[in-house]
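# Descriptive analysis of the structure
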Amino acid sequence: IWIQRMMSLTLLATACHAFTLNIPLLPHSRLSAACVSPPLMATSMISRTTAVPSGPDPYKLVVQDLEYIKTSIKKVLSDNRGGSGALTSNEVLTMAAREFMQRKGKSFRPMVVLLIGRATDADFAIDNRHYKLAVIAEMIHTASLIHADVLEEDETDTSQGTLVHQEVALDVGNKVCILAGDFLLAKAAVELSLLDCSEVTEIVARGLESICEGGMMAFDSNPSAAESADDGHVLTLKEYMHITARGTAQLIGNSCQCSAMLSGHLVDSPIAQACLIFGEGLAMAQQLVAEADALDVLLQKCRRAPRNWPSSIQPSAPLLLAAEAFPELSLMMQRRFSDPGDVAAAISFLERSEAIKRTQQLATEHAQEAENALGMLPTSATRDALHVLCHKVLTGVPIK
């Protein structure tokens, strides 16, 4: 089942690469030049305790654009251009479209893409191509999440899956998940072709490829997986951060870089590179804050009721930080906290290692990288809004 999840992403990434093969492109070394940090201007320090920077609210600044994005997504999902009108007549495809539309948090990536496009444009404006890029980024991201919600055949808790899993048999729910993800990727590929920019196609394809690699590395490194437990390898924090960067941050970074390119900047220009760094740093900070908050909630729930501790828990930065100080925690994760006293010991290790606080510090470092990258952008109200966004992400304040 897991292989089926990843095949769609891998094939689409390969197809996008193939699409650009016969089109003159910049050498790969120039596409990779964004990995080299540009000289960033000094900016203010950011932390969870500093005051919110002055500037407009990032969401309110593009709220009308986001409403247009939502309308565009609905149109894309229902557009049967070149097809047979299957969406309106096929119940499974209808369920697939609904799975996308009912998911929360669909504003973050489009918002970032639009803000970057506006902040890097000579006239601080965006056009239809920025809208399309925002739709593409969100569809690819959501497709990866839906594929990840495919449940194993022996799973009994369908609340771990999608909305569809709660309504139909597990095997049917899995088929809908796979189809829904494939459906979104196909629609994203069509929209990507309409941008008519081979460089952007290449970079978005690399972001998709990163999601595939991150997913495969995450599967191979899961401490509770039988294969991982058998080979004796213990996942390290450094490895986990690399997996997270590939599976989560790269797509946002690449989308920000492409947004700057659609605003007229060359792929290896200081502005485009800074936008790549900004997107990656912001995404990493958001992920780390979410992991710290989630574990904090779990600890509060389990201190007095250890039975609430999940038998299988995914690796996260706080857990791996604690495991660095207390290696026994890695063994507990491998055996799924099955021994008596495992949960109590794990809670103790997490608290004694200050894992949540240290994860928040890691998030601050990444948010500071994003903050520094904004120093390359011209002064504008939109850039100020991006500063505000960095602070919101770091402090876990709702975007809306």
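Computed from a predicted structure; not experimentally measured.

Bringing the packing of aromatic side chains into the picture now. Under the criterion given, the structure shown has 3 aromatic pairs. Measuring from centroid to centroid gives 4.6 Å for Phe326 and Phe349, while their planes differ by 10°, and the two rings are stacked. Taken together, the positions of Phe326 in the loop between helix H14 (317–325) and helix H15 (328–334) and Phe349 in helix H16 (residues 342–352) put the pair 23 residues apart, joining distant regions of the chain.

Applying the stated criterion to the full structure yields 10 salt bridges. Residue Arg303 pairs with Glu351 through a salt bridge whose shortest N-O separation is 2.5 Å. Placement of the pair is Arg303 in the loop between helix H13 (270–302) and H14 and Glu351 in helix H16, with a sequence separation of 48 residues. Classification of Glu351 as partly exposed rests on a relative accessible area of 39%. The shortest N-O distance in the salt bridge between Arg335 and Asp339 comes to 3.2 Å. When its relative accessible area of 31% is taken as the criterion, Arg335 is described as partly exposed. Several salt bridges share partner residues, and in doing so they unite Arg335, Asp339 and Asp342 into one network.

Let's shift gears to the side chain of Ser259. For Ser259, the location among the structural elements is in helix H12 (residues 237–262). Overall, the relative accessible area of 0% leaves Ser259 in the buried class. In this structure Ser259 touches Val113, Ile116, Gly117, Thr120, His130 and Leu133, once residues within four positions along its chain are discounted.

When the terminal C-alpha atoms of H12 are compared, their 36 Å separation across 26 residues agrees well with the 38 Å that a helix rising 1.5 Å per residue should span. Bending of H12 peaks at approximately 50° at the position of Ala249. Counting buried positions along H12 gives 20 out of 26 residues, so the element sits mostly inside the fold. Looking one or two residues beyond H12, the residue adopting positive phi is Gly264, at roughly 110°.

Definitions and cut-offs
The written sequence of each chain sets the order in which its residues are numbered from 1. Residue-level local features of this predicted model are given only where pLDDT is at least 70; pairs of side-chain atoms are given and counted only at 80 or more, and the full residue set underlies all totals for whole chains, interfaces and linings. Excluded from the side-chain calculation are hydrogens and water; included are all heavy atoms of the structure. Any Phe, Tyr or Trp ring, taking Trp's six-membered ring, that has another such ring centre within 6.5 Å forms a pair; planes under 30 degrees apart are called stacked, those over 60 apart edge-to-face, and the others tilted. Counting from the N terminus, the helices are the DSSP runs of H or I reaching at least four residues and the strands are the DSSP runs of E reaching at least two. The term salt bridge refers to a pairing of a side-chain nitrogen on Lys or Arg with a carboxyl oxygen on Asp or Glu at a separation within 4 Å. In this scheme, a residue with accessible area under 20% of its type's maximum is buried, one over 50% is exposed, and one in between is partly exposed, where area comes from a 1.4 Å probe on protein chains only. Any pair of residues with heavy atoms lying within 4.5 Å of one another is described as a contacting pair. Here the expected length of a helix is defined as 1.5 Å per residue gap, with one fewer gap than residues. Fitting one axis to the seven residues ending at a residue and another to the seven starting there, the bend at that residue is the angle between the two axes.

Any link to function would need more than the numbers given here.
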